[in-house]
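Listed below, chain by chain, are the residues.
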Amino acid sequence: MTLRRFLSSWSLPLAILAGILAYVTVYELYRELPEQMLSILPSRKTVLNLVAVAQPFFLFVMLFISFAKIRFTELRPALWALPLLLLQGGIFAGLGWLLYLFPDLECRFLAEAAMLAFICPTATAAAVIVRKLAGSVEHIMAYTIMANLLSAVLIPAVVPFAHPLPGFSFGAAFGVIMIKVMPLLMGPVLAVGLCRLVCPGFLNWITRIPDLAFYFWLVSLPLAMAVSVRYLMHSPLGTGAILEIAAVSLAACLLQFALGRFFGRICGSSGDAVTAGQALGQKSTVFMIWTGYTFFTPVTAITGGFYSIWHNSINSWQLYRKSQEEAGSGSAASSQDKPRKNG
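Residues numbered from 1 in each chain as written. Predicted model: local features only at pLDDT ≥ 70, side-chain atom pairs only at ≥ 80, totals over all residues. Heavy atoms only, no water.

Draft legend 1. Representation of the overall build of the chain. Within the chain, the regular secondary structure consists of 15 helices and zero strands. Counting all 343 residues of the chain, 45% fall into the buried class. Taking the contacts inside the chain whose residues are at least 6 apart along the sequence as the reference set, 79% of them involve residues at least 24 apart. Here the chain displays about 17,400 Å² of accessible surface, and carbon together with sulfur accounts for 68% of that area. (Helix = DSSP H or I, 4+ residues; strand = E, 2+ residues; numbered from the N terminus. Buried < 20%, exposed > 50% of the residue type's maximum accessible area, 1.4 Å probe, protein only. Contact = heavy atoms within 4.5 Å. Areas by Shrake-Rupley, 256 points an atom, 1.4 Å probe, with all protein chains shown as cover.)

Structure below.
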């Protein structure tokens, strides 16, 4: 097995393990080393600031690389795109309105976890799964761009109501969140468009590097998981609350895959059902974790860690079922091609 195939097959458990080990190592390092040695190391605050810069940087780069491989003029949104966007945005805004009306809601952290699970845009890696499942890559890439735009608009508009930033008015909070979210989600699209006009050779060079976005993902996912582990270990919530977040993320994952398939089927064909299911169900969990600890209660960041497990499990099951179907079709075809014996 090649290194690429091994990392692809075991990327999720390796990312979780690497994230846990990274956090535990750094934590123990700063706790056990003597003061003289700590004085030559960056402070914990410096490390946290570096992580805060690195995560959005990696997200931007991964989106840029993914969008560099497509021609925006060739993208055509599918009929199911509008109902899925309305569903995704409507549930996010509805839960935000609920938290605004009932700010002391006891299960607030669960509502915030659900908000994250629904507003998070489609993972750029979803196109890879769609291609393997015989769906439409063009449709899911178009939806990915629209989902990014939806998140870039709704997160700054809803979060100041649902989870007010201390010391900020709505207008100030809207501006702060917009400055952080809009460049991250829509900046790569604009950057790719500008590069096509100014330096197309650079884009051609980027697209010729095999699996470049995948390797950035291999760095960003363990980093995101380390952040999740940090908030999990320092969370005031008990084990029961953590399990409730896991259950909410699982329910949101299953619901979005099911609703995506439903609308894809009624608005198109079986191929549209596959594509729409991935468009709504497969999320950019790195972005989900970053959004959780940046704008919500930090412990809600673990929603992305749990969601990553659920949607990767569903993807693995779908790919396994597809391979079994293809193997069965191949066996049936080969048996038909065998010459019959004359009796």
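From this point on, the discussion continues.
Draft legend 2. Geometry of the confidence of the model for the chain. Confidence along the chain averages 83 in pLDDT terms, with 86% of residues attaining 70 or more. At the level of individual helices and strands, the chain shows its lowest average pLDDT in helix α1 (residues 3-9), which scores 61, and its highest in helix α5 (residues 81-101), which scores 95. (pLDDT = per-residue confidence, 0-100.)

Draft legend 3. Quick peek at the side chain of R108. Here R108 lies in helix α6 (residues 108-119). Of the polar contacts made by the side chain of R108, one reaches the backbone oxygen of L99; its length is 3.3 Å. Every residue in contact with R108, bar those within four places of it in the chain, is listed here: L99, F102, P103, A162 and H163. (Polar contact = N/O pair within 3.5 Å; in protein donor to acceptor, adjacent residues only side chain to side chain.)

Draft legend 4. Structural context of the nonpolar core. Counting residues in each nonpolar core, the largest one holds 81 residues, and the members touching the most others are F92, Y143 and I155. In contact with F92, not counting residues within four places along its chain, are M115, I119, L154, I155, V158, V159 and F296. Counting residues in hydrophobic clusters, the runner-up holds ten residues, among them L110, A113, I245 and I302. (Core = buried A, V, L, I, M, F, W, Y, C linked by side-chain atoms within 4.5 Å.)

Draft legend 5. View of the pattern of salt bridges. All told, the structure shown has one salt bridge when counted by the stated rule. Here R108 makes a salt bridge to E112, at a shortest N to O gap of 3.2 Å. Here E112 and R108 lie together in helix α6, a separation of four residues that amounts to about one turn. Exposure remark for E112: the relative accessible area of 0% places this residue in the buried category. (Salt bridge = Lys/Arg side-chain N within 4 Å of Asp/Glu carboxyl O.)

Draft legend 6. Seen up close, the packing of aromatic side chains. Applying the stated criterion across every chain, the model contains twelve aromatic pairs. Relative to Y143, the ring of W80 has its centre 5.8 Å away and its plane inclined at 45°; by these criteria the two rings are tilted. You can see W80 sitting in the loop between α4 (44-68) and α5 and its partner Y143 sitting in helix α8 (residues 137-162), a full 63 residues away along the chain. The exposure classification of W80 matches that of Y143, with both residues buried. Ring geometry for F170 and F174: centres 6.1 Å apart, planes at 35°, overall tilted. A residue pair is termed a helical-turn pair when its members lie 3 or 4 positions apart in one helix, as F170 and F174 do in helix α9 (residues 170-198) at four residues. (Phe/Tyr/Trp six-rings, centres within 6.5 Å; stacked < 30°, edge-to-face > 60°.)

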